[in-house]
Amino acid sequence: MALSRIASSSHASNLLKPLSTALSIRRLISSDSTVPLTIETSLPFISHKCDAPPRAVDTSASELFSFFRDMATMRRMEIAADSLYKAKLIRGFCHLYDGQEAVAIGMEAAITKKDAIITAYRDHCTFIGRGGTLLEVFGELMGRICGGSKGKGGSMHFYRKQTNFFGGHGIVGAQIPLGCGLAFAQRYSKEENVTFTLYGDGAANQGQLFEALNMAALWDLPAILVCENNHYGMGTAEWRAAKNPAYYKRGDYVPGLKVDGMDVLAVKQACKFAKENALKNGPLILEMDTYRYHGHSMSDPGSTYRTRDEISGVRQERDPIERVRKLLLAHDIASEKELKDIEKQVRKDVDDAIAKAKECPMPDPSELFTNVYVKGLGVESFGADRKEVRATLP
């Protein structure tokens, strides 16, 4: 069976085009790639005020392939962004997601594009998971009109309204009340959908989190708060910032679940459980135990508050891509060469997207004044000294 067929199956993410080369998977010629597999999560779930979901997760060869390819694409994309930033082709703030890919991919595997997602500023891979393209990512990072936000948002402000991705927010914790508001709208409209609101452990002590969570619990909103605990809020370790770093318990009266956020199948199982629970019972907190390989942002080397041995130890023992690679090999689904060929194609896709993004023009200066007010309303200013102002509001 050709891998291009597997990658475009109903279980695969629609964010990636099929491989241009027909990589034949010899071991699947006589079997169906959608035949179910049941794999146990690497660690048990730890629950608070709820029953934990089972560790046995249903998957398939085609889904595992999509996990591998999608996470490899995200990893390569973020590494390329690092190089572009150092070459000064990306300016301003830039927060990379490499190491945390299993959260974005596992979450998407459990929900639909009718469910909403809102996150903080480490948002490139979440945008890809919602159906964004590599060209839109690199275009936006380099401030080009082919970017996902037309070159006007930059690294921290990706959005994709058509698939209910609501950003991309630069203020720590500010997206949490907005996420609960999205859940309120879903409940008000009697939709059978939920909102996943992502935030980091650095935002987990914010007052607005607890205010929003209280309202969500009072009204039984389909709000799922996802703490992506990568263990460092900027350069501050979680144990130095939080008296109780068990973030899944911090909702008190709201149920919670601690999840191995480096295990894509555990994330999928937890998010499926959370969606079903939130639609019936209201909000729930998921703590994703994950890790970022880069520093907090590109201005942070990431090695002054943690050791290089710590980083390399996580890479060797918990890397989400390597875990899926081992599953594909252990179940005799693919060979090392076939997986290397996938990674080679991923590198080409990323390089091609960068080349196309570089050819895109910057936004016209007049675009500074668009998307500020509702069309036909607003304020127009004239003259370098701005003394002459004409209001167009009624």
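Residues numbered from 1 in each chain as written. Predicted model: local features only at pLDDT ≥ 70, side-chain atom pairs only at ≥ 80, totals over all residues. Heavy atoms only, no water.

- The name given to the chain in an unreviewed UniProt entry is Pyruvate dehydrogenase E1 component subunit alpha, with Arachis hypogaea as the source organism.
- For the record of the chain, the UniProt heading Catalytic activity (unreviewed entry) holds the text "N(6)-[(R)-lipoyl]-L-lysyl-[protein] + pyruvate + H(+) = N(6)-[(R)-S(8)-acetyldihydrolipoyl]-L-lysyl-[protein] + CO2". (UniProt positions renumbered as here; feature names shortened; annotations may be inferred.)

### Some details on helix H12 (residues 336-359)
Now for step 1: Under the 1.5 Å per step criterion, the end-to-end length of H12 is 35 Å for 24 residues, consistent within 8% with the ideal 34 Å.
Now for step 2: Glu338, Leu339, Ile342, Glu343, Gln345, Val346, Asp349, Val350, Ala353, Ile354 and Ala357 are the residues of H12 that are buried. (Helix = DSSP H or I, 4+ residues; strand = E, 2+ residues; numbered from the N terminus. Expected span 1.5 Å × (residues − 1). Buried < 20%, exposed > 50% of the residue type's maximum accessible area, 1.4 Å probe, protein only.)

### A word on the pattern of salt bridges
A side chain with one charge can pair with a side chain of the opposite charge if their charged atoms come near.
Now for step 1: Throughout the structure, instances matching the rule amount to 17 salt bridges.
Now for step 2: Between arginine 55 and glutamate 40 there is a salt bridge, and its shortest N-O distance comes to 3.7 Å. Of this pair, arginine 55 sits in the loop between strand E2 (46-48) and strand E3 (56-60) while glutamate 40 is found in strand E1 (residues 36-40), placing the two residues 15 residues apart along the sequence.
Now for step 3: The exposure class assigned to glutamate 40 is exposed, which follows from its relative accessible area of 56%.
Now for step 4: A salt bridge links arginine 75 to glutamate 101; the nearest nitrogen and oxygen atoms lie 2.6 Å apart. With arginine 75 in helix H2 (residues 61-86) and glutamate 101 in helix H3 (residues 101-110), this pair connects stretches of sequence that are 26 residues apart. Glutamate 101 matches arginine 75 in its accessibility class, with the two residues each being buried.
Now for step 5: Sharing partners across several salt bridges, the network here consists of Asp260, Asp289, Arg318 and Arg323. (Salt bridge = Lys/Arg side-chain N within 4 Å of Asp/Glu carboxyl O.)

### Let's talk about the environment of alanine 81
Now for step 1: Counting through the fold element by element, alanine 81 comes out in helix H2.
Now for step 2: With residues near it in sequence (within four places) discarded, alanine 81 still touches Ile90, Leu96, Phe138 and Leu141. (Contact = heavy atoms within 4.5 Å.)

### Quick look at the sheet that holds strand E5 (residues 195-200)
Across a sheet, strands are paired by hydrogen bonds formed along the backbone, either parallel or antiparallel in direction.
Now for step 1: Spatially, E2-E9-E10-E6-E5-E4 is the arrangement adopted by the six strands of the open sheet, whose pairing is mixed. At either margin of the open sheet sits one strand with a lone partner, and together these are E2 and strand E4 (116-118). Taken pair by pair, the neighbouring strands of this sheet meet at an average axis angle of 20°, ignoring direction.
Now for step 2: As defined by bridge partners, E4 adjoins E5 across three bridges and the pair is classed as parallel. Bridged to isoleucine 117 within E5 is phenylalanine 196. (Pairing = 2+ DSSP bridges. Axes fitted to C-alpha atoms, helices over the stretch in contact; angles between N-to-C directions.)

### Concerning the nonpolar core
One recurring pattern in soluble globular proteins is that nonpolar side chains are buried together.
Now for step 1: With 70 residues, the main nonpolar core has Phe138, Phe196 and Leu286 as its most contacted residues.
Now for step 2: Top contributing element to this core by residue count: H2, with 12 residues.
Now for step 3: Setting aside residues no more than four positions away along its own chain, leucine 286 makes contact with Phe196, Ile224, Leu225, Val226, Cys227, Leu257, Ala270, Cys271 and Ala274. (Core = buried A, V, L, I, M, F, W, Y, C linked by side-chain atoms within 4.5 Å.)

### Brief notes about the pairing of strand E9 (residues 256-260)
Now for step 1: Of all five residues making up E9, four are buried, and the element is well covered by its neighbours.
Now for step 2: Two elements, E2 and E9, share three bridges in a ladder whose sense is antiparallel. Residue pairing across strands places serine 47 opposite leucine 257, the latter belonging to E9.
Now for step 3: Inspection of the sheet shows E9 paired to strand E10 (residues 284-289) by five bridges, in the parallel sense. Pairing of aspartate 260 across the sheet is with aspartate 289, part of E10.
Now for step 4: Handedness of the crossover joining E9 and E10 through helix H9 (residues 264-281): right-handed. (Right-handed = clockwise from strand over helix to strand, strands pointing away.)

### Topic: a nonpolar patch on the surface
Now for step 1: Taken together, Phe184, Tyr188, Met215, Leu218 and Trp219 make up a surface patch of nonpolar side chains, about 600 Å² in accessible area.
Now for step 2: Of all the secondary structure elements, the ones that give two or more residues to the nonpolar patch are helix H6 (175-188) and helix H7 (207-218).
Now for step 3: Tracing the chain through its elements places tyrosine 188 in helix H6.
Now for step 4: Assessed through its relative accessible area of 68%, tyrosine 188 is described here as exposed. (Patch = residues over 30% accessible without salt bridge, like charges linked within 9 Å, V, L, I, M, F, W, Y side chains within 5 Å. Areas by Shrake-Rupley, 256 points an atom, 1.4 Å probe, with all protein chains shown as cover.)

### Structural notes on the environment of glycine 168
Now for step 1: Structurally, glycine 168 can be placed in the loop between helix H5 (134-141) and H6.
Now for step 2: A sequence separation of 48 residues divides glycine 168 from alanine 120, and the C-alpha atoms of the two residues are 5.2 Å apart.
Now for step 3: Excluding residues within four positions of it along the chain, glycine 168 makes contact with Thr119, Ala120, Asp123, Met156, His157, Phe158 and Tyr159.

### Regarding the packing of aromatic side chains
To describe a pair of aromatic rings, you give the distance between the ring centres and the angle between the ring planes.
Now for step 1: Scanning the model with the defined rule gives five aromatic pairs in all.
Now for step 2: Geometrically, the ring pair formed by phenylalanine 127 and phenylalanine 158 is tilted, given 4.9 Å between the ring centres and 45° between the ring planes. Note that phenylalanine 127 is positioned in helix H4 (residues 124-129) and phenylalanine 158 in the loop between H5 and H6, a separation of 31 residues in sequence.
Now for step 3: With a centroid separation of 6.4 Å and 55° between ring planes, the pair formed by tyrosine 291 and tyrosine 293 is classed as tilted.
Now for step 4: A network of ring pairs unites the aromatic residues Phe184, Tyr188 and Trp219 as a single cluster. (Phe/Tyr/Trp six-rings, centres within 6.5 Å; stacked < 30°, edge-to-face > 60°.)

### With respect to a positive patch on the surface
Now for step 1: Taken together, the side chains of Arg76, Lys340, Lys344 and Arg347 make up a positively charged region of the molecular surface.
Now for step 2: Looking at the positive patch, the element that brings in the most residues is H12, giving three residues.
Now for step 3: By the secondary structure assignment, arginine 347 is in helix H12. (Lys, Arg positive; Asp, Glu negative; His and termini not counted. Charge placed at Lys NZ, Arg CZ, Asp CG, Glu CD.)

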